[in-house]
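What the coordinates show
The chain contents come next:
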Amino acid sequence: NSTSLSEFLLLGLVDSFIARHFLFLLCLLIYILTLTGNLSVLSVIITDVRLQTPMYFFLSNLAILDIASSTTTVPRLLSDFFREKKSISKTHCILQLFFFLTFISTETFLLAAMSFDRYTAICHPLHYTEIMQWKVCIQVLVAVWVVGILYSLLYTLSTLNLSFCGPNNIQNFFCDLRQLLELSCNSNFLNILLIFLFGGVLGLTAFLITFLPYIKILMTVLKIKTTEGRTKAFSTCTSHLTIVLIFYSTSAINYFHPNTSHFSPGRHVSLVYAVFVPVLNPLVYSLRNNDLNRGL
């Protein structure tokens, strides 16, 4: 069958009338909290002179990414709760995939940059201002965005080479890479090989840059003799570490869970990954960061 599909059908989350309206209100509330929380963090960092440091510079960009990634999926999800036919054109599907992967990939590398910032602050405090100059921070941020966009292009361009000849049902509420690969009617070997070779190298690099500094941070903190000193030193990076663990755990479950009849979290994991995680970041930082609390 050489007929190529021009649109996909998003199956959404639930079909029950009561569950659909309950989830609509829940997702709408979470989206409002995501916008409010991240915009509050962003505005406080911009207006409070005490928070204009490299740490909060990266945090403000994390808030922007959370708003952007959530806006890529949630408004469409909210409107689909009341649509009989949840169709999306192939072009719009690819565009949604590109922007969602761009924001998620950029956030991955931004978290790595934030790990390096915390490592420098705790392990090399006397050289912190010399190393983390504003010029360096801006260069790191530009590099993070460039790599994030290229990382997204790697996956998006690979999907353009796929043929879709049916069925066209996407087992999710937005266009994601895993579902598109599963719907393809041609061989996925080259695409999967490309993803593992290039995407795997970049992903592993970001993972190592994110987590390896915490080994040195832990060793440095344990050398501090007083309990108060250890608590104060480690408190500066617990918020970031919490966000990193949440981000990587949900990402791993969303993209690397086995596709079997006994274990298929699918769209419900995607709901946590795409809708709930962006609202957690401002909550974690506001609850565990005294400087941000005072600013708020």
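Position numbers for residues count from 1 along each chain, tracking the sequence in the order it is written. Note on the predicted model: pLDDT of at least 70 is required for a residue's local features to be given, and 80 or more for side-chain atom pairs to be given and counted; whole-chain, interface and lining totals, by contrast, use all residues. Excluding hydrogens and water, the side-chain values take into account all heavy atoms of the structure.

- The name given to the protein chain in an unreviewed UniProt entry is Olfactory receptor, with the source organism recorded as Engystomops pustulosus.
- UniProt positions are given in the numbering used here, feature names are shortened, and annotations may be inferred rather than shown by experiment. Here is the UniProt Subcellular location (unreviewed entry) comment for the protein chain, exactly as written: "Cell membrane".
- In UniProt, the protein chain has this text filed under Sequence similarities (unreviewed entry): "Belongs to the G-protein coupled receptor 1 family."

1. Re the overall build of the protein chain
- Along its length, the protein chain carries 10 helices and 3 strands.
- Listed by position from the N terminus, the elements making up the protein chain come as β-α-α-β-α-α-α-β-α-α-α-α-α.
- Between buried and exposed lies partly exposed: a residue is buried under 20% and exposed over 50% of the maximum accessible area for its type, with that area taken using a 1.4 Å probe on protein chains only. Of all 296 residues assigned to the protein chain, the portion counted as buried reaches 48%.
- What makes two residues a contact is simply this: any of their non-hydrogen atoms within 4.5 Å. Of the contacts formed within the protein chain by residues at least 6 apart in sequence, a portion of 79% connects residues at least 24 apart.
- For the protein chain, the accessible surface area stands at approximately 15,000 Å², while carbon and sulfur atoms represent 70% of it. Going along the chain from the N terminus, every DSSP run of H or I of four or more residues is numbered as a helix, and every run of E of two or more is numbered as a strand. All accessible-area figures derive from a Shrake-Rupley calculation using a 1.4 Å probe, and residue coverage is judged against the displayed protein chains alone.

2. Overview of the pattern of salt bridges
- Within this document, salt bridges are pairs made up of a side-chain nitrogen of Lys or Arg and a carboxyl oxygen of Asp or Glu, the two lying within 4 Å of each other. Applying the stated rule across the entire model yields 4 salt bridges.
- Of the charged contacts in the structure, one is a salt bridge between Arg50 and Asp48, with a shortest N-O distance of 3.0 Å.
- The class of Arg50 is exposed, set by a relative accessible area of 58%.
- According to the relative accessible area criterion, Asp48 is buried, its value standing at 12%.
- Its salt-bridge partner being Asp117, residue Arg118 comes within 2.9 Å of it at the nearest N-O pair.

3. Things to note about the packing of helix H2 (residues 54-80) against helix H5 (residues 134-160)
- As a rule, the C-alpha atoms of each element are fitted with a line to give its axis, helices using only the stretch in contact, and angles between N-to-C directions run from 0 to 180 degrees. Axis separation between H2 and H5 bottoms out at 10 Å; the angle between their running directions is 25°. In this view, H2 runs roughly parallel relative to H5, as classed from their interaxial angle. Read as a crossing pair, H2 and H5 show a hand that is right-handed. Residues Pro54, Phe57, Phe58, Asn61 and Leu65 of H2 touch H5, and the partners they reach there are Trp134, Cys137, Ile138, Val140, Leu141 and Trp145.
- Gly counts as polar in this scheme, as do all residues outside two lists: the nonpolar Ala, Val, Leu, Ile, Met, Phe, Trp, Tyr, Cys and Pro, and the charged Asp, Glu, Lys and Arg. The residue inventory of the contact of H2 with H5, partitioned by class, reads 10 nonpolar, 1 polar and no charged. Small angles under 35 degrees read as roughly parallel and large ones over 145 as roughly antiparallel, with 65 to 115 read as roughly perpendicular and the rest as oblique. Rotating anticlockwise by less than a right angle from the far helix to the near helix defines a left-handed crossing, while the corresponding clockwise rotation defines a right-handed one.

4. Description of the pairing of strand S1 (residues 7-10)
- Only one face of S1 is buried, namely the one carrying Phe8 and Leu10, since none of Glu7 and Leu9 on the opposite face is buried.
- What makes two strands pair is DSSP finding at least two bridges between them. As paired elements, S1 and strand S2 (residues 87-89) share 3 bridges and run antiparallel to each other. What sits directly across from Leu9, in S2, is Ser87.

5. Digging into the confidence of the model for the protein chain
- Note: pLDDT gives the predictor's confidence per residue, expressed from 0 to 100. Scored by pLDDT, the protein chain comes out at a mean of 82, with 88% of its residues at no less than 70.
- By mean pLDDT, helix H8 (residues 227-256) is the weakest element of the protein chain at 77, and H2 is the strongest at 92.
- This model gives residues 260-264 a pLDDT under 50, and the stretch forms 3 contacts once residues within four places in sequence are excluded.

6. Let's talk about helix H3 (residues 90-123)
- Expected span of a helix: the number of residues minus one, times 1.5 Å. Taking 1.5 Å of rise per residue, the 34 residues of H3 would be expected to cover 50 Å, and the 49 Å separating its terminal C-alpha atoms lies within 8% of that figure.
- Buried residues dominate H3, accounting for 26 of its 34 residues.

7. A short note on the sheet that holds strand S3 (residues 169-170)
- Within the open sheet, the 3 strands sit side by side as S2-S1-S3. Their pairing is mixed. Where the open sheet ends on each side, the last strands, each with one partner, are S2 and S3.
- Relative to S2, H3 is tilted by about 85°, and along the sheet it contacts S1, S2 and S3.

8. Section: the side chain of Asp48
- Here Asp48 shows up in the loop between helix H1 (17-47) and H2.
- Polar contacts involving the side chain of Asp48 include one to the main-chain amide nitrogen of Arg50, which spans 3.0 Å. Residues adjacent in sequence count toward polar contacts only when both atoms are side-chain atoms; beyond that, a polar contact is any pair of N or O atoms within 3.5 Å, and within protein one must be able to donate a hydrogen and the other to accept it.

9. A short note on the UniProt feature "transmembrane region" (unreviewed entry) in the protein chain
- When the UniProt feature table is mapped onto this chain, "transmembrane region" (unreviewed entry) is found at residues 22-44, 56-74, 94-116, 136-154, 189-212, 233-256 and 268-287.
- Strand forms 0% of residues 22-44 and helix 100%; the C-alpha atoms that close the span are 33 Å apart.
- The span residues 94-116 is 100% helix and 0% strand, and its two end C-alpha atoms sit 33 Å from each other.

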